[in-house]
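Chain by chain, the residues run as shown.
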Amino acid sequence: MEDTSRHTEIWAVGGGKGGTGKSFITSSMGTCLALKGKKTLLLDADLGGANLHNFFGLISPKRSLTDFFEKRALLQELIVHTGIANLELITGSTGSLDSESINYAQKQRLFRHIRALDADTILIDLGGGTHINTLDTFLLADKMVVVTVPEITAIENMYQFVKSVYYRKLKSIFKAYELNTVVQDTWKNRTVHNIRNLKDLIGYLKQGSDQIRDIFIREMSGFVVHIILNEVRSPKDILIGENLKRACVNFLGLQVVYSGYASYDEAVHKSINNKEAFMLFNRLSPVVKEIRQLTEHIETETGFSVPEDLLDGRIL
């Protein structure tokens, strides 16, 4: 008998820049969920640079999202087993597609098919950049996760990605409620209203109109961004996640959760090069425990508590 009570939760993992370990984090979180007994499906949406299958030692599957877009295959027909119980994968394209080549109708068909997939949790691994298709796929998720590393360019790209996602969400709200003119006029006269940033703009609009305030409460109540810091090498690096959270709150007015970090460990790179599932073959690595913890933090939205002695600088 089919279980009609199942609610599929969608997680999207982005960050705006390649090379921060998004695919590693996605594959590892998916493994965590699967080992807990959750029916988990990974979707590699890094069109043109798909590599999620490598994290499970799989040869590039013969069928991929290319077949979905170019041959109108059903999404569930593209599912392959990872070799780990409860964990399956749909791989992306490795060359013939990129995010910009997908039109609106194709994107909407993809979203419908994703929502119809049979799983407890679907994790979508996004490619780099801030193309509209990437932003919209990120906004499809129930849990929006950004991954960065403690390097200035990666941090700047992550912040820009979050800002772009937020702006994309706001634009859809403005358009749906015919607020475009009000917003544009307010921003044009921002110096008069002492508006310095996006947070000030939204605050001004909400303060001036009960209708706009109610719209934002209704539309943005579940808009939460989860930050993961990867390849942490020192206590000082750990603090970067907390500082990023505060920047997003202070300048964008967002609900942000610092979900945790994964330390730098040479075993990660060895595992990737050997095309092994890291969480299964490196159980003694501290990274395994860290990923379990950050996955649970995202599940429960509890957030990572930065140690007090780190916050006040005693162990820097």
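Only a predicted model underlies this, so the values are computations on that prediction, with no experimental measurement involved.

## Description of the nonpolar core
Part 1 of the reasoning: Core analysis: the largest hydrophobic core is formed by 65 residues, its most contacted members being Leu65, Leu75, Ile114, Ile124 and Tyr166.
Part 2 of the reasoning: Top contributing element to this core by residue count: helix α5 (residues 152-176), with nine residues.
Part 3 of the reasoning: Setting aside anything within four residues of it in sequence, one finds Tyr166 in contact with Leu198, Ile202, Met220, Phe223, Leu252, Gly253 and Leu254.
Part 4 of the reasoning: The next biggest cluster of nonpolar side chains, apart from the first, holds 31 residues, and it includes Ala34, Val145, Val147 and Ala262.

## Comments concerning the sheet that holds strand β3 (residues 80-81)
Part 1 of the reasoning: Strand order in the open sheet formed by eight strands is β3-β4-β2-β5-β1-β6-β7-β8, and the pairing between neighbours is mixed. The open sheet has two free edges, formed respectively by β3 and β8 (255-263), since each of these has just one partner strand.
Part 2 of the reasoning: Inspection of the sheet shows strand β6 (residues 143-148) paired to strand β7 (residues 224-232) by five bridges, in the parallel sense. Within β7, the position partnered with Val145 by the bridge is His226.
Part 3 of the reasoning: Along the sheet, helix α9 (residues 235-252) makes contact with β6, β7 and β8, crossing β7 at roughly 155 degrees.

## Observations regarding the pairing of strand β2 (residues 40-45)
Part 1 of the reasoning: Where burial is concerned, most of β2 is hidden: six out of the six residues are buried.
Part 2 of the reasoning: On β2, burial covers both faces: Thr40, Leu42 and Asp44 on one face and Leu41, Leu43 and Ala45 on the other are all buried.
Part 3 of the reasoning: Relative to strand β4 (residues 87-90), β2 is paired through four bridges, and the arrangement is parallel. Residue pairing in the sheet places Leu41 in a bridge with Glu88 of β4.
Part 4 of the reasoning: Relative to strand β5 (residues 121-126), β2 is paired through six bridges, and the arrangement is parallel. Within the sheet, the bridge partner assigned to Leu43 lies in β5 and is Ile124.

Calculation criteria
- Residues numbered from 1 in each chain as written.
- Predicted model: local features only at pLDDT ≥ 70, side-chain atom pairs only at ≥ 80, totals over all residues.
- Heavy atoms only, no water.
- Core = buried A, V, L, I, M, F, W, Y, C linked by side-chain atoms within 4.5 Å.
- Buried < 20%, exposed > 50% of the residue type's maximum accessible area, 1.4 Å probe, protein only.
- Helix = DSSP H or I, 4+ residues; strand = E, 2+ residues; numbered from the N terminus.
- Contact = heavy atoms within 4.5 Å.
- Pairing = 2+ DSSP bridges.
- Axes fitted to C-alpha atoms, helices over the stretch in contact; angles between N-to-C directions.

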